[in-house]
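The primary structure of each chain is shown beneath.
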Amino acid sequence: MKVEWQVLRLAATTGKGYADGAGPVDDIIQDAVAKASAGQKPVVVFICDDEDSKTNDSLDANVFSDEKVALAMKRFVCLKATIQSIPDAKMAEKIRKQTPIFRYFDPAGKPLEELSGKRATSKSAFGARVEALWKISFEKVLKEYVREMNDLLDRMDRLATEKQRIEDQITRADGNPQKVAALQKEAERLKTDENTIKQDEEKLLGSVTVRPEFKPAGDEKACR
């Protein structure tokens, strides 16, 4: 399972048809967070040095691969920016010394905390911030969400295995219409199971609602 990062360029847009220009990095990030969160999801901003493959690979292998972290961040907006996207070379070099950097924002776009440098490569430190951000943002307990999502993923895996088994048997039964027909009926049953799983997934995702303080006035529906 991987964290799905959206690209964030740390450059100010100067207008259509013109090259991006340098701008205050904090302002660019804050504007992007406000648009991305829309008051419905927390945001994690990841600033890295694209040329530091050792650190980036380590984060992928040891931090983002953590099951609880990866599942939690499926409900976050995850923005990733590289210092190479900063037009100002001096500013880029200054920020390079602090990378990797993680900034955490609640659904209202309020900055909560920042991890940078060596501390940002710690699996426990990163995981603790993700759990804290979840708790601040959502009503559903993270532990319950992870357990329920894992159950769904297990069902999806079993279904995929069954579908592959039937496809293989249909291939081997070529020339035996009666057996193929029976297998096709079984395949139809699996389609019903697949629809049920999809409905259960939508129900689970819909249960992850932001806390009342982040919902627009008068909105009693779940924010998704």
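Quick note: structure is the one above.
These numbers were taken from a predicted model, which means no experiment stands behind them.

What follows deals with the sheet that holds strand β1 (residues 6-7). Strands belonging to one sheet form pairs held by backbone hydrogen bonds; the direction of such a pair is parallel or antiparallel. Across the sheet, which stays open at both edges, the five strands sit in the order β1-β3-β2-β4-β5 with mixed pairing between neighbours. Across the chains shown, the open sheet's two edge strands, defined by having one partner strand only, are β1 and β5 (111-116). This element, helix α5 (residues 123-137), spans β2 (43-48), β4 (101-105) and β5 of the sheet and lies at about 170 degrees to β5.

Quick look at the packing of aromatic side chains now. Under the defined criterion, the tally for this structure stands at twelve aromatic pairs. Measuring from ring centre to ring centre gives 5.6 Å for F46 and F64, while their planes differ by 70 degrees; the resulting arrangement is edge-to-face. Taken together, the residues span a long stretch of sequence, with F46 in strand β2 and F64 in the loop between α2 (53-62) and α3 (67-73) at a distance of 18 residues. For the pair F46 and F64, one class covers both residues: buried.

For the rest of this paragraph, the subject is the state of the cysteines. The term disulfide refers to a covalent linkage connecting the sulfur atoms of a pair of cysteines. Inspection of every chain in the model, using the stated rule, returns zero disulfides. Free of any disulfide, C78 has its nearest cysteine sulfur in C48, 13 Å distant.

Moving on, we get to the pairing of β2. Across the six residues of β2, six count as buried, placing the element largely inside the fold. Both faces of β2 are covered, namely the face carrying V43, V45 and I47 and the face carrying V44, F46 and C48. Bridge count for β2 against strand β3 (residues 77-82) is six bridges, and the pairing is parallel. Within β3, the position partnered with I47 by the bridge is A81. Sheet topology places β2 next to β4; five bridges connect them, and they run antiparallel. The residue of β4 that forms the bridge with F46 is F102.

Turning our eyes to something else, we now look at the environment of P216. In this structure, P216 sits in the segment after α7 (177-206). Using a relative accessible area of 47% as the deciding quantity, one classes P216 as partly exposed. Sequence separation between P216 and S124 is 92 residues; the distance between their C-alpha atoms is 34 Å.

Core analysis: the biggest nonpolar cluster contains 39 residues, and F64, M73, F76, F102, F126, W134 and Y145 have the highest contact counts within it. If you list the elements that add at least two residues to this core, you get β2, α3, β4, α5, α6 (142-172) and α7. With seven residues, α6 is the single largest residue contributor to this core. Not counting residues up to four positions away in its chain, the partners in contact with F102 are W5, V44, V45, F46, L59, F64, E113, E114, L115, A120 and F126. Listed in part, the 19 residues of the second largest apolar core include L8, A32, V43 and I95.

The next subject is helix α1 (residues 25-37). Helix length check: α1, at 13 residues, gives a terminal C-alpha distance of 18 Å against a target of 18 Å (1.5 Å per residue), a fit within 8%. Along α1, the residues classified as buried are V25, I28, I29, A32, V33 and S37. Buried residues of α1, viewed axially, fall in a sector of 140 degrees; they line one side. Considering only its buried residues, α1 is in contact with β2, β3, α4 (89-96) and β4. Note on α1: the residue one or two positions beyond its end, A38, has a positive phi of about 55 degrees.

Summarising the element assignment, I170 is placed in helix α6. Sequence separation between I170 and A187 is 17 residues; the distance between their C-alpha atoms is 9.9 Å. Leaving out residues up to four positions away in the same chain, I170 has contacts with V180, L183 and Q184.

Calculation notes
- Residues numbered from 1 in each chain as written.
- Predicted model: local features only at pLDDT ≥ 70, side-chain atom pairs only at ≥ 80, totals over all residues.
- Heavy atoms only, no water.
- Pairing = 2+ DSSP bridges.
- Helix = DSSP H or I, 4+ residues; strand = E, 2+ residues; numbered from the N terminus.
- Contact = heavy atoms within 4.5 Å.
- Axes fitted to C-alpha atoms, helices over the stretch in contact; angles between N-to-C directions.
- Phe/Tyr/Trp six-rings, centres within 6.5 Å; stacked < 30°, edge-to-face > 60°.
- Buried < 20%, exposed > 50% of the residue type's maximum accessible area, 1.4 Å probe, protein only.
- Disulfide = S-S within 2.5 Å.
- Core = buried A, V, L, I, M, F, W, Y, C linked by side-chain atoms within 4.5 Å.
- Expected span 1.5 Å × (residues − 1).
- Arc of directions from axis to C-beta.

Function-wise, these values are silent; they only describe arrangement.
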